[in-house]
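Structural overview
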Amino acid sequence: MPIAKIEVRRARSAPEVQALIEAVYEAQREALEVPEDDRQIRYIEHKPEHFAVPPDRSDNYTFVEIILFPGRSLEAKRNLYQAIVRRFGQLGIQAIDVFIVLQEPPLENWGLRGGVPASEVNFGFNLNV
């Protein structure tokens, strides 16, 4: 149940936005084996003056933050990073312009399905990939 946020510093067309969202979704499916209907991805555009980036990056700088249940292996995380960078590359974003951060709050810090802690829910899929 990853929750992803894509933040950028320049405007894109609706098809470009959808392509970025789809790239993150497909990377999650590939690397983390999330269920097919598990798509929680937000896209946020900032004014360039509201989004400082390192001086050696371009206007294509793209920050991806993903909050996910703990349990994924380093290999799965590495595969996720590579899948996002590869898919963004196909959309014209260079690897140097992609920054990814994963957050893994403990299951008891997720309130789901009417306020039940995630630590008490059987999700029907494996978190240990």
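What this report covers is the structure whose coordinates are included nearby.

Definitions and limits used
Residues numbered from 1 in each chain as written. Predicted model: local features only at pLDDT ≥ 70, side-chain atom pairs only at ≥ 80, totals over all residues. Heavy atoms only, no water. Axes fitted to C-alpha atoms, helices over the stretch in contact; angles between N-to-C directions. Helix = DSSP H or I, 4+ residues; strand = E, 2+ residues; numbered from the N terminus. Parallel < 35°, antiparallel > 145°, perpendicular 65-115°, else oblique. Left-handed = near helix turned anticlockwise from the far one by under 90°. Contact = heavy atoms within 4.5 Å. Nonpolar A, V, L, I, M, F, W, Y, C, P; charged D, E, K, R; others polar. Core = buried A, V, L, I, M, F, W, Y, C linked by side-chain atoms within 4.5 Å. Buried < 20%, exposed > 50% of the residue type's maximum accessible area, 1.4 Å probe, protein only. Pairing = 2+ DSSP bridges.

A few words on the packing of helix α1 (residues 14–32) against helix α2 (residues 74–89). Relative to each other, α1 and α2 sit at 150 degrees, their axes nearing to 8 Å. In terms of their interaxial angle, α1 and α2 are classed as roughly antiparallel. Between α1 and α2 lies a crossing whose hand is right-handed. Between α1, through L20, A23, V24, E26, A27, Q28, E30, A31 and L32, and α2, the contact on the second element is made entirely by A76, N79, L80, A83, I84, R86, R87 and F88. When grouped by side-chain class, the residues that make up the contact of α1 with α2 number eleven nonpolar, two polar and four charged.

Formed by 27 residues in total, the largest nonpolar core has its most connected members in I6, I41, Y43, I66, L80, I84 and F88. Elements supplying a minimum of two residues to this core: β1 (3–8), α1, β2 (41–45), β3 (62–67), α2 and β4 (98–103). The element best represented in this core is α1, accounting for nine residues. Setting aside chain neighbours within four positions, we find L80 in contact with A27, Q28, A31, L32, I66 and L102.

What follows concerns the pairing of β1. For β1, the tally of buried residues reaches five of six residues, placing the bulk of the element in the interior. Where β1 meets β3, six bridges bridge the pair, whose relative direction is antiparallel. Across the sheet, residue I3 finds its bridge partner in β3, namely I67. Sheet analysis places β1 next to β2, joined by five bridges and oriented parallel. If you follow K5 over to β2, its bridge partner there is R42.

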